[in-house]
Amino acid sequence: MVTRIGPSPTGFIHLGNLYNALIGERLARQSQGVFFLRIEDTDAKREVPGAVEIILDALGFFGVVFDEGATIQGDKGAYGPYRQRLRKEIYQTVAKKLVEQGLAYPCFATEEELATMRQKQIEQKLNFGYYGVWATYRNTNLEEIERRLQQGQSYVLRFRSQGNPEHSVKVLDGIRGELELQENYQDFVLLKSDGIPTYHFAHVVDDHFMRTTHVVRGEEWLATAPMHVQVFDALGWNRPIYCHSAQLMKMDGEIKRKLSKRKDPELALAYYQQEGYVPAAIWEYLLTVLNSNFEEWRLANPKANIMDFPFSLEKMSTSGALFDLLKLNDISKEVILNMSAQEIYTQLLLWAKNYDPSFAALLESDAGYAQRIIDVGRQGERPRKDLICWRQARDFLSFYYDETFTIEDSLPANITDALRKEIITKYLATLDYNDTQEQWFAKVKTICQDLGFALQAKKYQKNPQDYPGSIVDLSNTIRMALSGRLNSPDLWQISMILGKDRCIRRLKQFAENGDNFASTPA
RNA sequence: GGCGCGUUGGAGAAGUGGCUUAACUCACCAGCCUUUCACGCUGGCAUUCAUGGGUUCGAAUCCCGUACGCGUCACCA
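Residues numbered from 1 in each chain as written. Chains lettered and ligands numbered in written order. Predicted model: local features only at pLDDT ≥ 70, side-chain atom pairs only at ≥ 80, totals over all residues. Heavy atoms only, no water.

> I tried to follow the sheet that holds strand β5 (residues 104-107) on my own but got confused; where do I start?
Hydrogen bonds along the backbone pair up the strands of a sheet, which may run parallel or antiparallel. Read from one edge of the open sheet, 3 strands run β5-β6-β9, paired in antiparallel fashion. Bordering the open sheet on either side are β5 and β9 (189-191), each of which pairs with just one other strand. The mean inter-strand angle of the sheet, taken between neighbouring strand axes irrespective of direction, is 45°. When strand β6 (residues 156-159) meets β9, the two strands line up antiparallel, connected through 2 bridges. For L157, the partnering residue across the bridge sits in β9 and is L191. (Pairing = 2+ DSSP bridges. Helix = DSSP H or I, 4+ residues; strand = E, 2+ residues; numbered from the N terminus. Axes fitted to C-alpha atoms, helices over the stretch in contact; angles between N-to-C directions.)

Here it is, written out as structure tokens:
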């Protein structure tokens with residue numbers, strides 16, 4: 001199979017592009033075929049400088065590899081050029097052939113004329129468009145055409161459709177099966193007045209000459225597919241197999257709608273780069289949406305490479321799926337759990353260098369320490385799954401560094417200032433860094449009893465008036481001192497990692513200042 | 001308005017005529033585990049497959065109508 005993606009250089013590339021890229025990529029790889037990148041830059045108005053770099057950068061970040069196509073250094077592959085504007089002559093040659101066959105003709109209608117026509121059609125409740133009696137230039141004779149050309153009148157080249165709206169055309173779709181669509185009867189534009197083709201024409205010409213076998217695109221193209229097959233047929237070319245994918249949707253208040261470039265900036269691929277999502281997690285999530293049997297496969301093959309999953313068009317859904325960030329997060333946790341501390345460190349550092357240089361500096365100042373804090377609680381039978389993406393990881397790990405350590409939460413009301421000081425004083429008195437975790441916790445329990453705290457949280461919950469607090473309050477006081485929060489990984493483990501001096505400093509500091517602790521200790 | 005695609009729980013979905021008293025995953029809820037939070041475990045969460053008819057001994061699965069959602073109807077892709 002030969003597949004491709006054809007993004008437009010608008011400076012914006014989003015999840016939907018990646019979604020279709022993934023389909024094309026899998027299809028090509030699994031069949032030992034070819035997957036290429038074509039830049040669809042036929043609309044100069046929407047083009048943004050540097051947009052091709054943005055596309056390449058984002059796709060590269062997600063590990064999408066092309067066999068052929070546009071690259072920063074220029075085109076790669078024997079079927080180029082892979083940028084449509086560079087293919088102008090090719091389109092014009094084909095267009096000329098269509099004109100010779102009487103299947104295309106110049107149209108001199110101005111924008112105003114077309115607007116007026118549309119207005120009339122609305123008033124008369126007719127179908128919109130350029131067809132039938134409305135196709136005013138369809139039968140212009142040669143002399144007239146020549147006269148207008150000589151006057152330098154601007155024109156577009158239109159397809160002379162032989163279609164009938166009463167008829168239907170069968171289109172083979174790799175995802176949806178055989179579709180019966182209304183035949184195209186519109187004389188749509190092939191070449192715009194600047195001689196550049198519209199998508200409709202460029203798609204047909206390019207995918208023919210670039211020997212594309214499967215055209216993977218969003219379902220918004222379903223409605224225009226009859227136009228495309230008409231041109232393929234007119235030219236006597238083989239039609240590709242269309243694969244119209246269901247679109248990723250989003251809830252916008254009460255309504256469900258497709259992802260939109262303008263309204264959903266958070267769905268730009270750049271968003272995932274900024275948040276620091278692991279590319280593999282995005283692929284994995286997309287695959288769960290694309291092929292619902294993927295999750296089952298993943299469960300059966302937890303360590304297998306994603307590329308070994310047998311992707312199939314038949315398993316694809318035909319209705320649009322809502323994008324679910326919660327599920328992505330869940331998958332991300334799992335993916336990061338399966339990475340080594342070394343790998344996490346490398347990717348986290350790379351992210352931080354781009355998005356948080358000061359954090360990057362901290363990570364780099366002691367790579368061994370960084371990897372140890374990353375690995376806290378990740379061993380054993382029930383490893384922690386704390387990390388979702390690098391931005392969140394940065395916040396999660398911040399307390400391990402004095403430079404970013406802050407008191408974020410507050411102690412419950414039953415732990416008064418006096419109690420806090422007493423707890424920490426007693427704790428400091430017994431603290432011994434040579435203890436094992438068991439010895440350490442036994443001491444904590446002793447303090448608990450000394451202070452009359454409940455050893456079991458439940459007892460305290462049932463009869464709060466009988467105790468000043470429970471062991472939970474006691475541990476959390478220490479936890480607050482060390483991590484600045486009420487929630488953290490195992491206390492003794494973080495104590496070991498933070499080291500004796502730093503812990504004692506933070507404990508004293510917290511005993512003294514409590515929640516008012518504002519900045520880092522010296 | 002025309003044309004087209006779609007409609008199984010809060011989300012993604014499995015299921016294509018009897019094995020379905022509708023898998024599985026996420027979310028949510030309850031409980032267990034537990035020094036916190038996570039993790040993990042157990043259980044709960046659609047008597048019903050948008051809706052009305054029809055075909056059939058039997059339908060989420062086949063047919064027709066209706067409703068709703070989405071897409072499209074540019075010299076944008």
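Structure's up, so let's keep going.
> What should I look at first to understand the sheet that holds strand β3 (residues 68-71) in this one?
Taken in spatial order, the 4 strands make up an open sheet running β1-β2-β3-β4, and their pairing is mixed. Because the sheet does not close on itself, it has two edges, and the strands there are β1 (2-5) and β4 (74-76). Neighbouring strand axes in the sheet, compared pairwise and without regard to direction, differ in orientation by 20° on average. Alignment of strand β2 (residues 34-37) against β3, held across 2 bridges, turns out to be parallel. Bridge pairing links L37 to G69 in β3.

> How should I be thinking about the protein's contact with RNA strand B in this particular structure?
Around RNA strand B sit 62 residues in total, of which T42, K192, E295, K327 and R384 are the nearest. Of all atoms in RNA strand B that approach within 4 Å of the protein, 69% are sugar or phosphate atoms. R384 has a polar side-chain atom sitting 2.4 Å from a base oxygen of RNA strand B. In this structure, S475 approaches RNA strand B through a side-chain N or O atom, which is 3.4 Å from a sugar or linking oxygen. Looking at the surface near RNA strand B, the elements with two or more residues in it are β6, β8 (177-182), β13 (255-258), α10 (294-300), β14 (321-322), α11 (325-337), α17 (437-450) and α19 (471-483). In terms of residue class, the surface near RNA strand B is made up of 20 nonpolar, 15 polar and 27 charged. (Near = heavy atom within 4 Å. Polar contact = N/O pair within 3.5 Å; in protein donor to acceptor, adjacent residues only side chain to side chain. Nonpolar A, V, L, I, M, F, W, Y, C, P; charged D, E, K, R; others polar.)

> I would appreciate a short explanation of the packing of aromatic side chains in the present structure.
Given two aromatic rings, one states the distance between the centres and the angle between the planes to describe the pair. Considering all chains together, one arrives at 23 aromatic pairs under this definition. Their ring planes at 70° and their centres at 5.3 Å tell us that F209 and W237 sit as a pair that is edge-to-face. Of this pair, F209 sits in helix α6 (residues 199-209) while W237 sits in the loop between α7 (225-235) and β11 (241-245), and the two are 28 residues apart along the sequence. For W237, a relative accessible area of 12% translates into the label buried. Ring plane angle 80° and centroid distance 5.5 Å describe the contact between Y369 and Y401, whose orientation is recorded as edge-to-face. Of the two residues, Y369 sits in helix α14 (residues 367-374) while Y401 sits in the loop between α15 (390-397) and α16 (417-430), which places them 32 residues apart along the sequence. In this structure an aromatic cluster arises from ring pairing among Y271, Y272, Y277, Y285 and F323. (Phe/Tyr/Trp six-rings, centres within 6.5 Å; stacked < 30°, edge-to-face > 60°. Buried < 20%, exposed > 50% of the residue type's maximum accessible area, 1.4 Å probe, protein only.)

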